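So you can see what is in the structure, the chains are spelled out below.
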Amino acid sequence: VQLQASGGGLVQAGDSLRLSCVASGRTFGMYSMGWFRQAPGKERELVAALNWNGGSIYYSDSVKGRFTISRDNAKSTLYLQMNDLKPEDTAVYYCAAPRYSDGGYVTAKYEYIYWGQGTQVTVSS
């Protein structure tokens, strides 16, 4: 499975960005997906995850109400719409896919075995 993330950049607090992740190598629409981020000196954390059809979604408390995860299975693409960005959202963002999924979203980081290359998001105050 290959994952290619894009869409990061340098923005000001309050701005919006949309990240995209194009997947190839297996049937995208059969698996849950997730977005993680890693800030300097911190562990990689799950930001949002969704199941195979987008009907079941998880958000971390830090982004709930500001970020929206979605997917287009016809385009094998995962999205993360980020609104009202804050300086603490600054991080490298990674899309990831778990080894399997049972129909729901996956929150355990160790289950994610396929990772994109990451895209930098920098939010200035």
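Refer to the structure above for everything that follows.
To keep things clear, this report deals only with the structure shown in the data block. (Residues numbered from 1 in each chain as written. Predicted model: local features only at pLDDT ≥ 70, side-chain atom pairs only at ≥ 80, totals over all residues. Heavy atoms only, no water.)

**Some points on the overall build of the protein chain**
Helices and strands together make up the secondary structure of the protein chain, namely zero helices and eleven strands. Reading the protein chain from its N end, one meets helices and strands in the order β-β-β-β-β-β-β-β-β-β-β. Relative to the compact-globule value of 14 Å for 125 residues, the protein chain shows a C-alpha radius of gyration of 13 Å, a close match. When the backbone C-alpha atoms are referred to their principal axes, the protein chain occupies close to 40 × 25 × 25 Å. (Helix = DSSP H or I, 4+ residues; strand = E, 2+ residues; numbered from the N terminus. Rg over C-alpha atoms; globule rule 2.2 N^0.38 Å.)

**Structural notes on the state of the cysteines**
Counted according to the given criterion, the structure contains one disulfide. For cysteine 21, the disulfide goes to cysteine 95, at an S-S distance of 2.1 Å. Handedness of the cysteine 21-cysteine 95 disulfide follows from its S-S torsion of about 65 degrees: it is right-handed. Of this pair, cysteine 21 sits in strand E3 (residues 17-24) while cysteine 95 sits in strand E9 (residues 91-98); the two residues are 74 residues apart in sequence, bridging distant segments of the chain. Taken as a pair, cysteine 21 and cysteine 95 share a single burial class, namely buried. (Disulfide = S-S within 2.5 Å. Buried < 20%, exposed > 50% of the residue type's maximum accessible area, 1.4 Å probe, protein only.)

**Some words on the side chain of threonine 77**
Along the polypeptide, threonine 77 turns up in strand E8 (residues 77-82). Residue classification places threonine 77 among the buried residues on the basis of a relative accessible area of 7%. Among the polar contacts made by the side chain of threonine 77, one reaches the main-chain carbonyl oxygen of lysine 75 at a distance of 2.8 Å. Among all residues touching threonine 77, those that are not within four sequence positions of it are Ser20, Cys21, Val22, Phe28, Ser70, Arg71 and Asp72. (Polar contact = N/O pair within 3.5 Å; in protein donor to acceptor, adjacent residues only side chain to side chain. Contact = heavy atoms within 4.5 Å.)

**As for the sheet that holds E3**
Taken together, the four strands give an open sheet; going across it, the order is E1-E3-E8-E7, and neighbouring strands pair in antiparallel fashion. With one partner strand each, in any of the chains shown, strand E1 (2-6) and strand E7 (67-72) form the two edges of the open sheet. Between one strand axis and the next, the sheet turns through 15 degrees on average, direction left out of account. Bridge count for E3 against E8 is six bridges, and the pairing is antiparallel. (Pairing = 2+ DSSP bridges. Axes fitted to C-alpha atoms, helices over the stretch in contact; angles between N-to-C directions.)

**Side note on the pattern of salt bridges**
Applying the stated rule across the entire model yields five salt bridges. Among the salt bridges present, the one from arginine 37 reaches glutamate 45, with a minimum N-O distance of 2.7 Å. Residue classification places arginine 37 among the buried residues on the basis of a relative accessible area of 5%. Aspartate 89 serves as the salt-bridge partner of arginine 37, at 2.9 Å between the closest nitrogen and oxygen. Of this pair, arginine 37 sits in strand E4 (residues 33-38) while aspartate 89 sits in the loop between E8 and E9; the two residues are 52 residues apart in sequence, bridging distant segments of the chain. Across the pair, exposure class does not vary: arginine 37 and aspartate 89 are buried alike. It is possible to trace a salt-bridge network through shared partners that takes in Arg37, Glu45, Arg66 and Asp89. (Salt bridge = Lys/Arg side-chain N within 4 Å of Asp/Glu carboxyl O.)

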